[in-house]
Every structure is written in structure tokens, then in C-alpha cells.
Amino acid sequence: MSAHAEVLKDSRAATAFNVDRIREDFPILREKVHGKPLVYLDNAATSQKPKAVIDSLVDYYTHYNANVHRAVHLLSTRATAACDDSREKVRRFINAGSTNEIVFVRGTTEGLNLVAQTHGRQNIGPGDEVLISGLEHHSNIVPWQILCEEKQARLRVVHIDDRGVVPLDEFEKALHERTRLVAISHVSNALGTVNPLADMIKMAHRWNAPVVVDGAQAAPHMHVDVRALDADFYAFSGHKLFGPTGIGVLYGKEALFNAMPPFQGGGDMIRSVTFEKTTYNDLPYKFEAGTPDIAGIIGIGAAIDYVNDVGMDAIAAYEQELLEYATDAVSQLEGVRIIGTAPNKASVISFVVDNAHPHDVGTVLDREGIAVRTGHHCAQPVMDRFGIAATTRASLAFYNTREEVDALIAGIRRVQEFFS
Amino acid sequence: MSDLNDLYQETIIDHSKRPRNKGEVEQATHSAEGYNPLCGDRVQVQLKIENGHILGIGFRGAGCAISTASASLMTEAMKGKTPEEVEIAFRKFRDLLTEDQAPAPDLGKLAVFSGVREYPMRVKCATLAWHTLRAALRGDPQAVSTE
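Residues numbered from 1 in each chain as written. Chains lettered and ligands numbered in written order. Predicted model: local features only at pLDDT ≥ 70, side-chain atom pairs only at ≥ 80, totals over all residues. Heavy atoms only, no water.

Focus: the interface of chain B and chain A
- Contacts between the two partners involve 22 residues from chain B, matched on the other side by 16 residues from chain A.
- Interface area for chain B against chain A, summed over the two sides, is near 1600 Å², with a carbon-plus-sulfur share of 56%.
- Of the charged contacts in the structure, one is a salt bridge between D360 of chain A and R122 of chain B, with a shortest N-O distance of 2.8 Å.
- Looking at the side of chain B that touches chain A, the elements that each hand over two or more residues are α1 (4–7), α2 (10–17) and α3 (65–78) of chain B.
- Ranked by residues supplied to the side of chain B that touches chain A, first place goes to α1 of chain B with three residues.
- Each residue belonging to the side of chain B that touches chain A can be placed in one class, and the counts come to 14 nonpolar, four polar and four charged. (Contact = heavy atoms within 4.5 Å. Buried area = accessible area lost by both parts, 1.4 Å probe. Salt bridge = Lys/Arg side-chain N within 4 Å of Asp/Glu carboxyl O. Helix = DSSP H or I, 4+ residues; strand = E, 2+ residues; numbered from the N terminus. Nonpolar A, V, L, I, M, F, W, Y, C, P; charged D, E, K, R; others polar.)

This is how it looks when you write it as C-alpha cells:
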């Protein structure tokens, strides 16, 4: 290869963020689906795992599988140390002040339910309000509905506009002295809208309302700094962050965590137990009853290491470029309409195709090896807002390529051949 | 590998684009609603039953090509039938979608759904209208769900 070609290749690699090399880290991307190369565009549902994460699970089960915090033997010591390391990695990843503020849960859903059932039950009473947005995933609606029903409180919704944006002025107007809690997503799973979280949190704090953030779709795609945001609670899932399923994180400000009653009772969350009285363990263990998902905790630590190695800034920049490329390409298709056109979006393109139901779109794309999500995306109120039952959703990750977006476009054309 | 054309046979595409018996049934005696929580699709089936036979049958709603075509072909096939005959036809239809065997010879046009067997996620699309029809015959006031 000539020196000139070498330079060209290097510059292309730099702008293309060396996605080819990154793809080699993800064994599943070599799979074939219906005889075609897998084009995985369902990252908002769950992301694929780099070999480093898979290896971390195998390594734990092969070399030091033991329970944590209990035994004096070496394997238990190693497993405990690995879990402690992971907690510190998570702390740094979201810039929390202390590992006491990092509670491991099963996933975002459990994190949100934990807040509802502890802080919520303790602080919300008849006539109070919980404020959510019209963008929310069912997991950031239903726990608050259950709470409000139990406490005779009101669940108030700030509706989205035609672009899928939560209007800030509407949000501000909805806050008042009875607002006891605000629950809002950082990034919408159905539309990809990025909420102006820092502004929203400032507004809520003027009314002394703590803010619970559903960060499931943000953590894999952008820097999350819980202290800069001044978030009171922030929940996210490991499996959407290139880690294993079954593990997630609930961040909470230490003062809030301290004031909250425990979530579940059991081992590990206690200091001492008699039949008369139990005293609870320190943070974060107070909220971690029972043997935790040790492999999952180790896996999420490995995932964070991997993301840090690639670099979140580089990931965010590459994904924005890819999202723009995909948005342009989909917009140019006649008879296809993008649902969710917020100026600030991450990762997600939701769309509808004239004369083709999303389920049929999904089936045709699947036969082309393209994995997308079709349906209501656990966000039926969002679908209702746009007067549709379902969309097709392509959601990107940093291992996706322009060629894969091109394959999606070709797949949509094939759908149109079938159903137009 | 099964081809997409095995799933979306011409008859299915035709009925999904121009569904038959779509709309209200005058002086309906029975009706029910069905819901597929997987995709959010809803269908309503209305019936006019006289002397134990389905004299009028129509549907509204539905969604994807498979569920719309299934509702359309079902209404065509079940007109004039008795509830017992509906039940027998439903079982044969369900077997067609889930069992690895030759379709029952008397399924007629309904046999075009044989390709659905290769797509387990789509079986519920094909049976939604049928579950709803059976609920209407039972006089089930609750919307039936495919889950």
C-alpha cells in the first residue's frame, strides 16, 4: 500500500471511529440471521456484549465463584473485592460523590420501584402530586400510579408536543407546592428525545420536589454526571450498557437514601437481628437484601471499563453522526414518516410506513437479517399521542455502521414492494 | 429457509388491502373485542345470529396484514356456520398455525395461513380475530387478549 493510501485509510479510520475494529470486540456481530449478516438495530431494547464482558462472567464462574460479604475464604474475598471495584467504577462513571450512593438493583424498573415504594410511600400523601412526562416508559408510569392510588395522590402528566418534546414552559407550569416528586426519563426509549434534564431539575428543586430520572436510554449513549445534573435519583440498566441482564444501578443522594426505609428485608441488609428488633446495615447495603447478582455486578464493571476504553465522547459523537445519516436516509423515503423529531435526540429512529403495519415491517426486515423493534415500545401513551398503535424502531449503538443503515433503507424499500 | 412469499401469500395480501366484511353488522346480536398486547392491535367482531346460525358477521379494527387478512377470511368462511362449526374450524385453523402436519383438507382458503407456522411471533396476529369471534359467541363481556 502506498504512503498516500495509508494516510487516506488512517483518516477514514479516524472519522469512521474505527468501527471495524470495535465490531471485532462483539462476537455476536459475526452471526448470520436467515443466512444474512446480522444487522442489529434493537439496541434500545438491549445492547450486545463485548467479549470483555462475556469473559468477565466466565472468569468469575470459572475461577472465583463464591458468595460475597460472608466468608473468610479466599474466593469470597476475591468476589467481594470484585463487587467493590465495580461499585467504584459505577460511581466514577456517573460522577457520584460516594459509593454509598450506588445501589445495585435488577434494572431500571426495579430502581424506579424502589424509590416509589420507599421514598414515595414515606413522603407522599393525600392531595400530593407526582409529576411525570408524556414520554415515559411504562416502568416510569406504573410504579407512580400504584403509589398515587395507594396514597390518594394525583399523577400529573406534562404532555409532549408534535415533535415529541416536553415543553419546558409547560413543565414549569405543572410544578407547584404540592408536587412531591418528579419522575422523568433522560432519553425517551420510544422516540429518542433527550430531555433538558438539568433545567427541569432546577425547576423542580425550586419547589423542593426531588427528581427521579429514568436513565436507561441515556447511560449507554452520553456522559451522565449526576452531580452536575443535581439528580436526586438516577436509575439505569446494565444490559442496555453492553453489560449482562439482571443488573442495574440506582443512584440516590446519600441524605435521601439515609432517610428512606429499606426496600426488601433479608440477609446483607441488616446489622443485627433479634426477634424483637432489627437494625439495618449501612448504605448501600441497606437496599441490597439477599445475595446480589454477583456475576452481573462484575459484568457491569467490565462493561463500564469497555465503554471508558472506547471513550464516551467518541461514542456520543459517532452515534450522533450515524443518527443524522440514518435520519436523512429515512426522511428521503417516500411514504415513510419519522415519529419523534425533537431537535435533541439520541440513538432512536421511530417510524411508520404507509400501508404497512409495523409487525409486517419487522417480519420483512427480519428476513433480511435486520433486527428492529416493532410495537408500542412499552410506551402506549406516546403512541396514543401520535394516534398510532405502534411504530418500527431502529435504535443505534456505536458498533453500527452506515452500511447497516443502508441495509435498513433497502429493507424498508422491500417492505414497500410487498405492501404498497 | 422459508420465503417471505410463503407467509405473505397473494390471498393474504389481497385480503389485507381489501378486507371483506369490514364494518358494522346491522342488528347485531353478539359482539366482542379482542386485543393483542404485543402490538397494541384491537379488533371488534360483530355477529347476527338467528336460529343458531351466523347470518351476519363483520369486524372492525385489526392492524397488520396477517391479522387483517385473517379477520377478513374468517368472516367469509364462518358466515352461515353454527357455533359448533366455528369451534371445529378454529381448532383446525390453530393446528394449521402450530402443528407440523398437513393442513386439514376442508380448511379451504384458510390454508393460506400455513406459512405463519414458520413465524411463531406472528401466530397471535393470525388468531386474534378467531379468539374474538369465540368470545362473542360465548357472550364474553371482557375484551379477550391473545396473551
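What follows picks up the thread again.
Re the confidence of the model for chain A
- Looking at chain A, pLDDT values average 94 and 96% of them are 70 or higher.
- Low pLDDT (under 50) marks residues 7–14 of chain A, which in the prediction has three contacts with non-local residues, meaning those over four places away or in another chain. (pLDDT = per-residue confidence, 0-100.)

Considerations on the packing of helix α4 (residues 83–98) of chain B against helix α5 (residues 123–138) of chain B
Residues and elements named next belong to chain B.
- α5 packs onto α4 with a crossing angle of 165° between their chain directions and a minimal axis gap of 11 Å. Put simply, α4 runs roughly antiparallel to α5. In the packing of α4 onto α5, the handedness of the crossing is left-handed. Contact residues: α4 offers P83, V86, E87, A89, F90, F93, L97 and T98, while α5 offers V123, A126, T127, W130, H131, L133, R134 and L137.
- Taken together, the residues of the contact of α4 with α5 break down into 11 nonpolar, three polar and two charged. (Axes fitted to C-alpha atoms, helices over the stretch in contact; angles between N-to-C directions. Parallel < 35°, antiparallel > 145°, perpendicular 65-115°, else oblique. Left-handed = near helix turned anticlockwise from the far one by under 90°.)

Notes on the domain arrangement of chain A
All names here are of chain A.
- According to the domain assignment, chain A contains domain 1 (15–45 + 311–419) and domain 2 (53–309).
- Put simply, the middle of domain 1 and the middle of domain 2, counted by C-alpha atoms, are 28 Å apart.
- Both faces combined, the contact of domain 1 with domain 2 buries some 2800 Å², and carbon together with sulfur accounts for 58% of it.
- Scanning the region where domain 1 abuts domain 2 turns up one salt bridge.
- Two residues, D162 and R385, come together in a salt bridge whose shortest N-O distance is 2.7 Å.
- In this structure, the connection of domain 1 to domain 2 is made through 21 residue pairs in polar contact (both at pLDDT 80 or more).
- Elements supplying a minimum of two residues to the side of domain 1 that touches domain 2: α12 (312–331), β14 (348–353) and α14 (380–385).
- Considered class by class, the residues forming the side of domain 1 that touches domain 2 number 23 nonpolar, nine polar and six charged. (Domains from an automatic or database assignment. Polar contact = N/O pair within 3.5 Å; in protein donor to acceptor, adjacent residues only side chain to side chain.)

Quick look at the environment of A397 of chain A
Residues and elements named next belong to chain A.
- Looking at the element boundaries, A397 is found in the loop between β17 (391–395) and α15 (402–419).
- For A397, a relative accessible area of 0% puts it in the buried group.
- Sequence separation between A397 and Y318 is 79 residues, and the spatial gap between their C-alpha atoms is 9.2 Å.
- Non-local contacts of A397, meaning those with residues more than four positions away in its chain, are made with N43, F242, E319 and L322. (Buried < 20%, exposed > 50% of the residue type's maximum accessible area, 1.4 Å probe, protein only.)

Describing the sheet that holds strand β8 (residues 211–214) of chain A
All names here are of chain A.
- Strand order in the open sheet made by the seven strands is β4-β10-β9-β8-β7-β5-β6, with mixed pairing throughout. At either margin of the open sheet sits one strand with a lone partner, and together these are β4 (102–105) and β6 (154–158). Direction aside, the axes of adjacent strands within the sheet are offset by 20° on average.
- Pairing of β4 with strand β10 (residues 248–252) involves four bridges; the strand directions are antiparallel. Pairing of I102 across the sheet is with Y251, part of β10. (Pairing = 2+ DSSP bridges.)

Quick look at helix α6 (residues 142–151) of chain A
Residue and element names in this part refer to chain A.
- Listing the buried residues of α6 in full gives P143, W144, L147 and C148. Each buried residue of α6 sits inside an arc of 130° when the element is viewed along its axis, so together they form one side.
- Buried residues in α6 make contact with α5 (108–123), β5 (129–133), β6, β7 (179–185) and β8.
- Note on α6: the residue one or two positions beyond its end, Q152, has a positive phi of about 50°. (Arc of directions from axis to C-beta.)

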